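Structure at a glance
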Amino acid sequence: MTQTRYDLLCIGEPLGEFNATRAESGAFQFGHGGDTSNCAIAAARQGAKTAYLGALGDDMAGRSIRDLWRREGVDDAHVATHQSAPTGLYFVDHGPSGHVFSYLRAGSAASLMGPRDVPRDLVASARIVQASGISQAISASACDAVFEAFAIAREAGVTTAYDTNLRLKLWPLTRAKAIINAACGMADIVLPGYDDATQLTGLSDADAIADFYLRRGAKIGALTLGHEGSRVATPERRERLVPIKVDAIDATGAGDCYDGAFLAEYIRTGDAFAAGAYANVAAALSTQGFSAVAPLPRRADVEARMALEAKKAN
C-alpha cells in the first residue's frame, strides 16, 4: 500500500486574477485564483498538507502562482510548465448582483492536461483527492484526467471530493450535467453550491438535492447556501448549519474556502458536521477582503471566531 504523503491533492487550473476593487474605480489588483488552487491554499492555512496537480505557462502569472504555493506550503512538484501555452487569467468586477467573472483561458497550459499526466503513485498517496466541474470544463482531455484520477483513487481506497462549480461560459448545461453528475457518482464527498445544484438536478429543495447526491453513492453531501450557511447530509443524518454575520466585501473565494476548510477539518476530525460548522465560519471570514486568496483565513482566525460565537451563544 502506498504511504500517505499528502492530506489533500487538488486537481485543476490555477489562474492569475485581476480584481476590480471598489476603492479604486477602474483599477485592477493582481492576485491569484482558480477554484481548486484556492481550495488547496485554504486547506493548507488550516494545517493540512496539500499538493496540486495541473499545469502553468512559462510566464509571469505562472511564476507568481508557484511563488504563492511555496509561501503557502502547497507542493507544486507535479505541476508542469508549458513553454508555449499560457497560464489562464480571469477578471472580477463587482456590481449590485455580486461579483462577475470574465476569463482569458482558452488554450491554457492546464487545458492541455490529460489522463496520461495523472501519476498513479501521487493520487494513491493522498488521503483525499479533490476536483471540480471547472477542472473538467476547460477541455475534453482535462475532463478525462479527472475521471482517471478518481478511478485511481477509488481503486487505491483514497477518498474523492468534488465541487460542482458550474460555469456555463465554459460549456453548455446539457454537457455539464452529464459530466458533473457522472463525476459526482464517483465522489465520496460532494460539495455543490445551491444555485449550481438546482440547475444540475432540476430540484429546489435542499433535502431533495442532498438525496440526489447520496443516492448516487456520496457518503457526504455539503450543500452551500450562501448567506444562509450550509446543509450537511449523510445517509444517517442531516443538519442545517447557520452562518455567522460578517461585513462582507468580496465573496470571490468563499465557496473554495468552504471546500478547503471542510476537507481539512474532516481530515482532522472525521466528523462531517463539525467540518461543516468549521467551514461555515472560514467561508464567512474569507469575504472580508478583496480577491480569492488574500482573505482566506488561517486556523487561528477561524478558531478564535468560533470561540467568540460560542461565548455569545452562552
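Refer to the structure printed above.
Our subject in this report is the structure included herewith. This is a predicted model, so every value here is computed, not measured.

Quick look at the overall build of the protein chain
- Looking only at helices and strands, the protein chain features eleven helices and 13 strands.
- Taken over the C-alpha trace, the protein chain has a radius of gyration of 18 Å; the compact-globule value for 314 residues is 20 Å, and the two agree within 12%.
- Principal axes of the C-alpha set define a box for the protein chain whose edges measure 60 × 50 × 40 Å.
- A buried classification covers 57% of the 314 residues belonging to the protein chain.
- The contacts of the protein chain with a sequence gap of at least 6 include a subset with a gap of at least 24, amounting to 71%.
- With the model as given, the accessible surface of the protein chain reaches about 13200 Å², and the carbon-plus-sulfur share is 51%.
- Averaged over its 31 positive side-chain charges, the protein chain has a centre that lies 2 Å from the centre of its 36 negative ones.

Regarding the nonpolar core
- Formed by 50 residues in total, the largest nonpolar core has its most connected members in Trp69, Ile189, Leu191, Val232, Tyr258, Phe262 and Leu263.
- The leading source of residues in this core is helix 10 (residues 272-285), at ten residues.
- Here Phe262 is in contact with Ile189, Leu191, Ile220, Ala222, Val232, Ala272, Ala275, Gly276 and Ala279, once residues within four sequence places are set aside.
- Among the nonpolar cores identified, the runner-up in size contains 45 residues, and Tyr6, Ile11, Trp171 and Val190 belong to it.

Quick word on the pattern of salt bridges
- For the structure shown, the criterion picks out 20 salt bridges.
- Where Arg299 meets Glu303, a salt bridge forms, and the shortest distance between an N and an O atom there is 3.1 Å. Of the two residues, Arg299 and Glu303 are both situated in helix 11 (residues 299-313); the distance of four residues between them amounts to about one turn of the helix.
- Look at Arg299 and you get buried, because its relative accessible area is 16%.

Quick look at helix 5 (residues 140-156)
- With 17 residues, helix 5 extends 25 Å from end C-alpha to end C-alpha; this agrees with the ideal 24 Å at 1.5 Å per step.
- By the burial criterion, the buried members of helix 5 are Ala142, Cys143, Ala145, Val146, Phe147, Ala149, Phe150, Ile152 and Ala153.
- Contacts from the buried residues of helix 5 go to strand 1 (6-11), helix 3 (120-124), strand 8 (126-132), helix 4 (133-137), strand 9 (159-163) and helix 6 (173-184).
- Just past helix 5, the residue Gly157 takes up positive phi, approximately 75°.

Here we look at the packing of aromatic side chains
- Taken as a whole and assessed by the stated rule, the structure comprises nine aromatic pairs.
- Ring-pair connections join several aromatic residues into one group, and the members of that group are Phe18, Phe28, Phe30 and Phe91.
- If you follow Arg216 out to its NZ or CZ, it ends over the ring of Phe212, 3.5 Å from the centre.

Section: the side chain of Gln46
- Looking at the secondary structure, you find Gln46 in the loop between helix 1 (35-45) and strand 4 (50-57).
- Classification of Gln46 by relative accessible area gives buried; the value is 4%.
- Looking at Gln46, its side chain comes within polar contact range of the main-chain oxygen of Ala42, at 3.0 Å.
- Apart from residues no more than four positions distant in its own chain, Gln46 is found in contact with Ala261, Ala264, Tyr278, Pro297, Arg298, Arg299 and Val302.

Topic: the packing of helix 1 against helix 2 (residues 60-72)
- In contact at an axis separation of 10 Å, helix 1 and helix 2 are set at 20° when each is read in the N-to-C sense. By the angle between their directions, the pair helix 1 and helix 2 is classed as roughly parallel. The handedness of the crossing between helix 1 and helix 2 is left-handed. Contacts between helix 1 and helix 2 involve Ser37, Ile41, Ala44 and Arg45 on the former and, on the latter, Leu68, Trp69 and Glu72.

Calculation rules
- Residues numbered from 1 in each chain as written.
- Predicted model: local features only at pLDDT ≥ 70, side-chain atom pairs only at ≥ 80, totals over all residues.
- Heavy atoms only, no water.
- Helix = DSSP H or I, 4+ residues; strand = E, 2+ residues; numbered from the N terminus.
- Rg over C-alpha atoms; globule rule 2.2 N^0.38 Å.
- Buried < 20%, exposed > 50% of the residue type's maximum accessible area, 1.4 Å probe, protein only.
- Contact = heavy atoms within 4.5 Å.
- Areas by Shrake-Rupley, 256 points an atom, 1.4 Å probe, with all protein chains shown as cover.
- Lys, Arg positive; Asp, Glu negative; His and termini not counted.
- Charge placed at Lys NZ, Arg CZ, Asp CG, Glu CD.
- Core = buried A, V, L, I, M, F, W, Y, C linked by side-chain atoms within 4.5 Å.
- Salt bridge = Lys/Arg side-chain N within 4 Å of Asp/Glu carboxyl O.
- Expected span 1.5 Å × (residues − 1).
- Phe/Tyr/Trp six-rings, centres within 6.5 Å; stacked < 30°, edge-to-face > 60°.
- Lys NZ or Arg CZ within 6 Å of the ring centre and 35° of its normal.
- Polar contact = N/O pair within 3.5 Å; in protein donor to acceptor, adjacent residues only side chain to side chain.
- Axes fitted to C-alpha atoms, helices over the stretch in contact; angles between N-to-C directions.
- Parallel < 35°, antiparallel > 145°, perpendicular 65-115°, else oblique.
- Left-handed = near helix turned anticlockwise from the far one by under 90°.

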